[in-house]
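# A look at the structure
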Amino acid sequence: MPQRDTSLAPAQHVLSVVDLKTHFFTDAGVIKAVNGVTLSVDEGETLAIVGESGSGKSVTGLTVMRLLGRTTAKVVGGSIHFRGRNEENTDLLALSEKAMSRIRGHDIAMIFQDPMSSLNPVFTVGDQVAESLRVHKGLSKRGARLQAIELLRQVGISEPEKRVDAYPHELSGGMRQRVMIAVALACDPRLLIADEPTTALDVTIQAQIIDLLRKLQKELRMALIFVTHDLKLVKQIADHVAVMYASQVVEEGPVDQVLANPRHPYTRALLDCIPSRRDGDGNRRTLKPIPGTMPNPLSPPDGCRFHARCAYAQPECVAIEPELQVVEGKHVTRCIRWQELAL
Ligand SMILES: Nc1ncnc2c1ncn2[C@@H]1O[C@H](COP(=O)(O)OP(=O)(O)OP(=O)(O)O)[C@@H](O)[C@H]1O
Ligand code: NI
């Protein structure tokens, strides 16, 4: 039988989100938390989603996982497609809850900022990793325990033979986050969504966890979505970056291109918030917080969402809602002045 030639086939995305709209119908009004977001991530690739608090990063991840549950949240538009190991392309929004729960934690896993909220305090960490292995791989109790020890070793936990019997509260924050990563990896996911996994940790531990995620991602060829508000981490971990502002992606592209040549004033402003950034002359740029605040999610402004905080805004920025425009290749921006601005 002829082999299918995949070498010439265009890279198919592991996850493809198109024009996603997730809105919350609250008593106070409609919060359009995610409003027209398009993203994709390929095998072995890391996409960072970066933006200030409230920009819609977590709601994007939770919508993909379908973890918003029966709250006030509703997906009112767009599509989410996931390509599993059998190469089948699945429309996640069309799946039954039962089918989705098979995908969740099996093909797609998610880790959060606070591992204590995801780990169960009354079970040992070994039990929790082993449980994931038993459910997803059908291992025996003994086999799962042995593999749990190996996984704990793989995520950098020393003396895993002892730690396997520890309870979450007996471990440090960094160790707990490693356990969460082990639980996520126990089912060998094709896509891992990490939502600010290092925010609660001190800088040294944060760097270790970033290194670990990067190493595991390369070894396992996972697709990784890394949610953060910190552009420094984006440089360290990601291939692609999507900058979100007020429920939309305002700039996206390969990390090198976007960070070296930002074409949206908001990305420039985020870069100026990084303390150690140096300009071309090797001088330290002064740290500039972004003036103003995010628009009220209940009543976002007309035109460009960023215009009220933008030093370059003109009357047309208030009047016209900008579309994403191609800068070069895969680099896109939602600024109508991107060609003329020296950012
Ligand atoms: N359950 C909810 N009900 C109503 N509004 C919500 C709910 N969850 C989130 N929102 C709103 O949706 C918007 C996007 O929130 P989201 O949590 O995605 O932001 P974020 O970018 O992840 O921010 P952070 O960096 O603080 O985690 C915010 O305006 C938030 O208030
Ligand atoms: Ni968040």
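Residues numbered from 1 in each chain as written. Chains lettered and ligands numbered in written order. Predicted model: local features only at pLDDT ≥ 70, side-chain atom pairs only at ≥ 80, totals over all residues. Heavy atoms only, no water.

By the naming in an unreviewed UniProt entry, the chain goes by Nickel import system ATP-binding protein NikD and is assigned to Devosia subaequoris. Comment text from UniProt for the chain, heading Subcellular location (unreviewed entry), reads "Cell inner membrane". Note on the chain: under the UniProt heading Catalytic activity (unreviewed entry), the record states "Ni(2+)(out) + ATP + H2O = Ni(2+)(in) + ADP + phosphate + H(+)". (UniProt positions renumbered as here; feature names shortened; annotations may be inferred.)

## Some remarks on the overall build of the chain
When helices and strands are tallied, the chain shows 12 helices and 12 strands. Whereas a compact globule of 343 residues would reach a radius of gyration of roughly 20 Å, the chain reaches 21 Å, a difference of no more than 12%. Its C-alpha atoms give the chain principal-axis dimensions of about 70 × 55 × 50 Å. A fraction of 64% describes how many contacts in the chain between residues 6 or more apart in sequence connect residues 24 or more apart. Taken as a whole, the chain presents about 16,700 Å² of accessible surface, with 51% of it coming from carbon and sulfur. (Helix = DSSP H or I, 4+ residues; strand = E, 2+ residues; numbered from the N terminus. Rg over C-alpha atoms; globule rule 2.2 N^0.38 Å. Contact = heavy atoms within 4.5 Å. Areas by Shrake-Rupley, 256 points an atom, 1.4 Å probe, with all protein chains shown as cover.)

## Let's talk about the layout of surface pockets
Space inside the largest pocket adds up to approximately 720 Å³. If you go around the largest pocket, you meet 32 residues; those closest to its centre are Asp127, Gln128, Glu131, Ser132 and Val183. Top element by residues in the lining of the largest pocket is helix 4 (residues 125-137). It accounts for 9 residues. Here the lining of the largest pocket is composed, by residue class, of 16 nonpolar, 9 polar and 7 charged. When contributions to the lining of the second largest pocket are tallied by element, the ones reaching two or more residues are helix 1 (57-65) and strand 4 (73-83). Element by element, the count of residues in the lining of the second largest pocket is highest for strand 4, at 3 residues. (1 Å grid on protein atoms, 1.4 Å probe; cavity = no way out; pocket = protein on both sides within 12 Å on 5 of 7 lines; lining within 4 Å. Points joined across faces, edges and corners; volume = space filled by probe spheres on them. Nonpolar A, V, L, I, M, F, W, Y, C, P; charged D, E, K, R; others polar.)

## What to know about the site of ligand 1
For ligand 1, the set of nearby residues contains 14 residues, the closest of which are Ser53, Gly54, Lys57, Ser58 and Val59. Between Ser53 and ligand 1, the recorded distance is 2.4 Å, taken from a side-chain N or O atom to an oxygen atom. At 2.8 Å, a side-chain N or O of Ser58 approaches an oxygen atom of ligand 1. Computed on the free molecule, ligand 1 has an accessible area of 640 Å², of which 67% lies beneath the protein chains in the complex. (Near = heavy atom within 4 Å. Polar contact = N/O pair within 3.5 Å; in protein donor to acceptor, adjacent residues only side chain to side chain.)

## Let's talk about the UniProt feature "domain: ABC transporter" (unreviewed entry) in the chain
Residues annotated in UniProt with the feature "domain: ABC transporter" (unreviewed entry) correspond here to residues 15-271. Between the end C-alpha atoms of residues 15-271 there is a gap of 27 Å, over a span that is 40% helix and 28% strand.

## Considering empty space enclosed by the protein
In total, this model carries 3 cavities of 30 Å³ or more according to the counting rule given. Space inside the largest cavity adds up to approximately 110 Å³. Among the residues forming the lining of the largest cavity, the class breakdown is 11 nonpolar, 2 polar and 2 charged. Lining the second largest cavity are Tyr245, Gln248, Val250, His264, Gly303, Cys304, Arg305, Phe306, Glu321, Pro322 and Arg334.

## Some remarks on the pattern of salt bridges
All told, the structure shown has 18 salt bridges when counted by the stated rule. Here Asp230 ties to Lys232 by a salt bridge, and the two come within 3.8 Å at their closest N and O atoms. You can call Asp230 buried: its relative accessible area is 18%. The exposure class assigned to Lys232 is partly exposed, which follows from its relative accessible area of 36%. (Salt bridge = Lys/Arg side-chain N within 4 Å of Asp/Glu carboxyl O. Buried < 20%, exposed > 50% of the residue type's maximum accessible area, 1.4 Å probe, protein only.)

## Focus on the sheet that holds strand 12 (residues 331-333)
On the basis of which strands lie adjacent, the open sheet formed by 8 strands has the order 6-7-8-3-9-10-12-11 and mixed pairing. Every other strand in the sheet has two partners, leaving strand 6 (108-111) and strand 11 (325-328) as the edge strands with one partner each. Between one strand axis and the next, the sheet turns through 20 degrees on average, direction left out of account. Pairing of strand 7 (residues 191-195) with strand 8 (residues 223-228) involves 5 bridges; the strand directions are parallel. Within strand 8, the position partnered with Leu191 by the bridge is Ala223. Across the sheet, helix 1 lies against strand 3 (46-50), strand 6, strand 7, strand 8 and strand 9 (240-245), angled at about 145 degrees from strand 6, the strand it touches most. (Pairing = 2+ DSSP bridges. Axes fitted to C-alpha atoms, helices over the stretch in contact; angles between N-to-C directions.)

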